[in-house]
Amino acid sequence: MSYWLEILLPNIAYGITLVALVLLYIRVRKLLAIYRAGQPDPTRTNSRATRFWHMFKEILGHTKMLNFTGTGMAHWVVMVGFITLFGTLVTAYGQVTNPNFSLPLIGHLIPYEYYIELITILTGIGIVTLIGIRQFTRIFRKGRASRFFGSGSLKAYYIEATILAIVVCEVALRGLDGALSQYSGFSWHYPFSWRVAEIFKEWPLSRILISIQVIAAIKIVISMLWFIVIALNLTMGVAWHRFLAFFNIYYRRHSDGTNSLGELPVMLSHGRTIDFQDPSEEDIFGLGTRSDISWKGLLDMTSCTECGRCQSQCPAWHTEKPLSPKLLIMAMRDHALAKVVESEVLVGESGPISLDVLWSCTTCGACVNECPVDIEHIDHIVNMRRFQVLVESEFPSELAGTFRNLENSGNPWGSNRNDRDAWIAECDFPIKVVEGQLPDDVEYLFWVGCAGAYEDRAKRTTKAVAELLYMSGVSFAVLGRKETCTGDPARRTGNEFLYQILSKENIETFEEVFAGKKDKGEKKIVVTCPHCFTTIGRDYAQSGFELTIVHHTQLLNQLVREGKLTPTGTSDKKLTYHDPCYLGRHNQVYAPPRELLEASGVKITEMARNQERSFCCGAGGGRMWVEEKIGTRINLNRVDEAIATGAEEVAVACPFCRVMVGDGVNARESSVEVLDVAQILLRSVKPQNS
């Protein structure tokens, strides 16, 4: 019997290995061919050394996964085990023919054996932990409450079972190897497996030898069967991400390692930036069909692990809307890898993405912020919106009026251009209005923004900031009627053509205002709106215009630190602070607003979802001008959380948030007051105004 096993086992092990490697080679070539067929994107290959360093740091440090601490630690040891236990698989190929086989040179070195046993045990603990987390979630967080809702659970179970089986095989092989050794007592060669070895020591030698060969063959078969399964299923991201995540993280949009947030990507067609003044008839406007997807987009989709971290933080998903960033990427992946014609549409009744899904996104960035493999959900959503707006003219009816107002009046409300500086008359201190070039004695251009100029609640913030700057002695001026919308609402709803018009007008204004100032540091702008902050500071750089832009909370915080503003008043009212998505996640500004509030003499009670996990107000991505008709209102979800803290005041740092949170408070008939951080600072600097 043992004779036939000695012949059969190597044939099975080596035979299945050959099948697995050939099949994997064929499928990897197919996957590469799919990527090559994608649209070119030349923006992903700059700063290679920097990209590699940030990829290495993010993967080895598990910087995103550790946000989910228990899960992150368990996944880290499983990842390390997957990579470093390769040597044990090589050993198994030798053991299947020679039970005494060990790796040359290092096979019997104590440090190597100690490490192998330690990482094997930790990998086993890690995978059992991950299995437990998945089962806990399945049992106690049913339906949409589970981040695994919609994921391919059977695929995940198979992966987990495979890893657990390999761990069991390795523990058994180490124990059998210890039983085969000359040691009769504990040995540091078998630090964790000696107890197992003692059990096997009682077996006959022949049984130990054949057991090593059998288990080594089983380990090889399990491993190679795993390769065969994933080779037959290119949509099995829960397995493929082990190979593709490295590349996806390396090729992310920002080479400096930051998330693909902030500015939106330029519109590319056949690898070139579209010239909207003279577009080609062959230009591709956005993402409309399978053939329009770039190679990086395809890499994104095939890298998705279906972990659901994006889904668990999505405001649309949390308010019963059809959008799940995870399910969207999965649907695009399955569509892109299916045998469909290149011209088959992505969005619409016959496509994998419905219009309701596409237009539910607030571009808050929570999905991108959480994704452990750096998938760029917002970029894909906006690119599909671009196609729907520019090519199909298919978008929410409310946006037609918004686009018209932006084009005709320079603001999304359609208010009279001549009223843009009307707020100045309500101030009892002088405000300079720029006529032509900015005077040398003016340090900051104060960009008021559409909301700050027209919306009553936002105007209070504008006046508070202006008064604080005046009191501090900072010299500033405004553009008055020369301002027009930055183009944020147009760009993030897909109307790139209109954005280009608005941005060009503003850039020309800036070039006139800052004429003679060549250094970026000399061109200083302060804004109250995080959307303007992002668009002017980051999107405009794509057109070659760069300047120094600060949010009002940053500048005011600096003035307080320098002693130019001295808060003296205090408040005994309980307050909570709402982080705006475009100030926080998109631009990483978390500390200045909080420091200002603390300096103003208030005590902050944080909401459970704060800073990078802050919940959206519902206004971003153009949703400010689109009625919520599906599910519950996002702003009510956030307001309920704020009210639950027992706060009497909610501080905000964004005019959009001011409107949405204020409307939510009114809808709940609550007495909670909504104020901008600048207003709270002003009442502390001037206590008599409180």
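Just above, that's the structure.
Presented here is a report on the structure given in the accompanying data block. Predicted, not measured: the structure shown is a model, and the values here were computed from it.

What about a nonpolar patch on the surface?
In step 1: On the surface, Ile-110, Tyr-114, Ile-121, Leu-122, Ile-125, Phe-186, Trp-188 and Phe-192 cluster together to form a nonpolar patch covering roughly 740 Å² of accessible area.
In step 2: With respect to the element layout, Ile-121 can be found in helix H5 (residues 110-140).
In step 3: For Ile-121, a relative accessible area of 34% corresponds to the partly exposed category.

Digging into the pattern of salt bridges
In step 1: Applying the stated rule across the entire model yields 49 salt bridges.
In step 2: Measuring nitrogen to oxygen at the nearest pair gives 2.6 Å for the salt bridge that ties Asp-300 to Lys-296. Linking Asp-300 with Lys-296, this pair stays in helix H10 (residues 295-303), spanning four residues, or about one helical turn. Across the pair, Lys-296 and Asp-300 agree in class, each one buried.
In step 3: One salt-bridge network, in which partners are shared between bridges, spans Arg-386, Asp-488, Arg-491, Arg-492, Glu-496 and Asp-539.

Describing the nonpolar core
In step 1: Phe-510 and Ile-525 are the most contacted members of the largest nonpolar core, which has 151 residues in total.
In step 2: Counting residues per element, this core draws most heavily on helix H8 (residues 205-231), which supplies 13 residues.

Re the packing of aromatic side chains
In step 1: Applying the stated criterion across every chain yields a total of 30 aromatic pairs.
In step 2: A ring pair is formed by Tyr-14 and Tyr-93, whose centres lie 6.0 Å apart and whose planes are at 10 degrees; its orientation type is stacked. Separated by 79 residues along the polypeptide, Tyr-14 in helix H1 (residues 2-37) and Tyr-93 in helix H4 (residues 86-95) bring together distant segments of the chain.
In step 3: Their ring planes at 50 degrees and their centres at 6.1 Å tell us that Trp-226 and Phe-243 sit as a pair that is tilted.

Digging into the sheet that holds strand S3 (residues 432-433)
In step 1: Reading across the sheet, the five strands line up as S3-S5-S4-S6-S7 and stay open at both edges, with parallel pairing between neighbours. This sheet does not close on itself; its edge strands, each paired only once, are S3 and strand S7 (548-551).
In step 2: Here two bridges tie S3 to strand S5 (residues 476-478), and the two strands are oriented parallel to one another. Residue pairing for S5: Val-433 is matched across the bridge by Val-478.
In step 3: Helix H22 (residues 530-539) contacts strand S4 (444-447), strand S6 (524-527) and S7 of the sheet and is inclined by roughly 165 degrees relative to S7.

The rules behind these values
Residues numbered from 1 in each chain as written. Predicted model: local features only at pLDDT ≥ 70, side-chain atom pairs only at ≥ 80, totals over all residues. Heavy atoms only, no water. Patch = residues over 30% accessible without salt bridge, like charges linked within 9 Å, V, L, I, M, F, W, Y side chains within 5 Å. Areas by Shrake-Rupley, 256 points an atom, 1.4 Å probe, with all protein chains shown as cover. Salt bridge = Lys/Arg side-chain N within 4 Å of Asp/Glu carboxyl O. Helix = DSSP H or I, 4+ residues; strand = E, 2+ residues; numbered from the N terminus. Buried < 20%, exposed > 50% of the residue type's maximum accessible area, 1.4 Å probe, protein only. Core = buried A, V, L, I, M, F, W, Y, C linked by side-chain atoms within 4.5 Å. Phe/Tyr/Trp six-rings, centres within 6.5 Å; stacked < 30°, edge-to-face > 60°. Pairing = 2+ DSSP bridges. Contact = heavy atoms within 4.5 Å. Axes fitted to C-alpha atoms, helices over the stretch in contact; angles between N-to-C directions.

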